[in-house]
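Chain by chain, the residues run as shown.
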Amino acid sequence: MNTAYQSQLTATELIFPDQLRLEEYFLGETTGWGMFRDRYGNLKQEFRVHALGEWQDGCLHLHERFIYRDDAAANEAQQNEAQKEASQQETQGKQQQERTWRITPLGDGRYTGSAEDIVGEAQGEIVGTTCSWQYKLIVPVGKREIILKFDDCLQLMPDGCLLGHAKVSKLGFHIGDMVLCFHKRPYDFFREQGHVNA
């Protein structure tokens, strides 16, 4: 093995965070990638997310912008300009979504969260580098709305990746799973500093 690579690998392996704090991790700019699979394992949706967090009035205001993959994009080369413009106008609302969380730390690793499309309050608890996060989300489907329950587990990984796995259910029935990986920006944030101290 290359000596320089081996030295770099060893140094990286030593950087394991020991504590996750949502109000620290999501302060500033964060990016992420994710996907949703149905209960049979079929890939149904892929997305990217850009988040910006600010501390105001005792809570974290976290603005998230989701950009969903448009399956029709693969066929753009076959569309003329007029068709593409009409398609973009028609699907713009479906391809993007925004949400602003208000996340309040309660002490002892406990959190609550609220947003416009969240039913009631989200409940969270952190033990070490693991956060459990439960909430009910209002999801528009055509001209109606449905409520989905998310049981999310967020795990802080080496070098700042926050890996999330959520079980999604509707009316008590498991309908699929969402996997999401956040990364703090700049990307070398954790490599240089470990985690932010309060």
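For the structure itself, consult the block above.
Since the structure is predicted, the reported quantities are computational estimates derived from the model, not experimental observations.

1. Considering the packing of aromatic side chains
Consideration 1: Following the criterion strictly, the structure yields eight aromatic pairs and no others.
Consideration 2: For the pair tyrosine 25 and phenylalanine 26, a centre-to-centre distance of 5.1 Å together with 80 degrees between the ring planes defines the contact as edge-to-face. With respect to burial, tyrosine 25 and phenylalanine 26 carry one shared label: buried.
Consideration 3: Their ring planes at 85 degrees and their centres at 5.1 Å tell us that phenylalanine 26 and phenylalanine 182 sit as a pair that is edge-to-face.

2. Some remarks on the environment of lysine 167
Consideration 1: Among the structural elements, lysine 167 can be located in strand E9 (residues 161-170).
Consideration 2: Given a relative accessible area of 46%, lysine 167 falls into the partly exposed group.
Consideration 3: Considered as a pair, lysine 167 and cysteine 153 are 14 residues apart in the sequence and their alpha carbons are 8.8 Å apart.
Consideration 4: Setting aside chain neighbours within four positions, we find lysine 167 in contact with Lys149, Phe150, Asp151, His174, Gly176 and Asp177.

3. Quick word on the sheet that holds strand E2 (residues 43-56)
Consideration 1: As summarised here, the arrangement of the 10 strands in space is E1-E2-E3-E4-E5-E6-E7-E8-E9-E10, forming a closed barrel in which the pairing is antiparallel. Mean inter-strand twist for the sheet, computed between neighbouring axes without regard to direction, equals 25 degrees.
Consideration 2: As paired strands, strand E6 (residues 118-127) and strand E7 (residues 130-141) are joined by seven bridges and run antiparallel to one another. By the bridge assignment for E7, valine 119 is matched with lysine 136.

4. Considerations on the environment of isoleucine 67
Consideration 1: By the element assignment, isoleucine 67 lies in strand E3 (residues 59-68).
Consideration 2: The class of isoleucine 67 is partly exposed, set by a relative accessible area of 39%.
Consideration 3: In this structure, the C-alpha to C-alpha distance between isoleucine 67 and glutamate 98, residues 31 residues apart in sequence, is 9.0 Å.
Consideration 4: Beyond its immediate sequence surroundings of up to four residues, isoleucine 67 is in contact with Glu46, Phe47, Arg48, Gln95 and Gln96.

5. Side note on the side chain of serine 169
Consideration 1: Summarising the element assignment, serine 169 is placed in strand E9.
Consideration 2: In this structure serine 169 comes out as buried when scored by relative accessible area, which is 14%.
Consideration 3: Look past the residues within four positions of serine 169 in its chain and what remains in contact with it is Ile147, Leu148, Lys149, His174 and Ile175.

6. Some details on the pattern of salt bridges
Consideration 1: Going through the model one piece at a time under the given rule, you end up with five salt bridges.
Consideration 2: With a closest N to O distance of 2.6 Å, arginine 69 and glutamate 46 form a salt bridge. Here glutamate 46 lies in strand E2 and arginine 69 lies in the loop between E3 and helix H3 (81-95), a separation of 23 residues in the sequence.
Consideration 3: In this structure, lysine 167 engages aspartate 177 in a salt bridge whose closest nitrogen and oxygen atoms are separated by 3.7 Å. Here aspartate 177 lies in strand E10 (residues 173-184) and lysine 167 lies in strand E9, a separation of 10 residues in the sequence.
Consideration 4: On the basis of relative accessible area, aspartate 177 is assigned to the buried category, the value being 17%.
Consideration 5: Connected through shared salt-bridge partners, Glu64, Arg99 and Asp117 make up one network.

The rules behind each value
Residues numbered from 1 in each chain as written. Predicted model: local features only at pLDDT ≥ 70, side-chain atom pairs only at ≥ 80, totals over all residues. Heavy atoms only, no water. Phe/Tyr/Trp six-rings, centres within 6.5 Å; stacked < 30°, edge-to-face > 60°. Buried < 20%, exposed > 50% of the residue type's maximum accessible area, 1.4 Å probe, protein only. Helix = DSSP H or I, 4+ residues; strand = E, 2+ residues; numbered from the N terminus. Contact = heavy atoms within 4.5 Å. Pairing = 2+ DSSP bridges. Axes fitted to C-alpha atoms, helices over the stretch in contact; angles between N-to-C directions. Salt bridge = Lys/Arg side-chain N within 4 Å of Asp/Glu carboxyl O.

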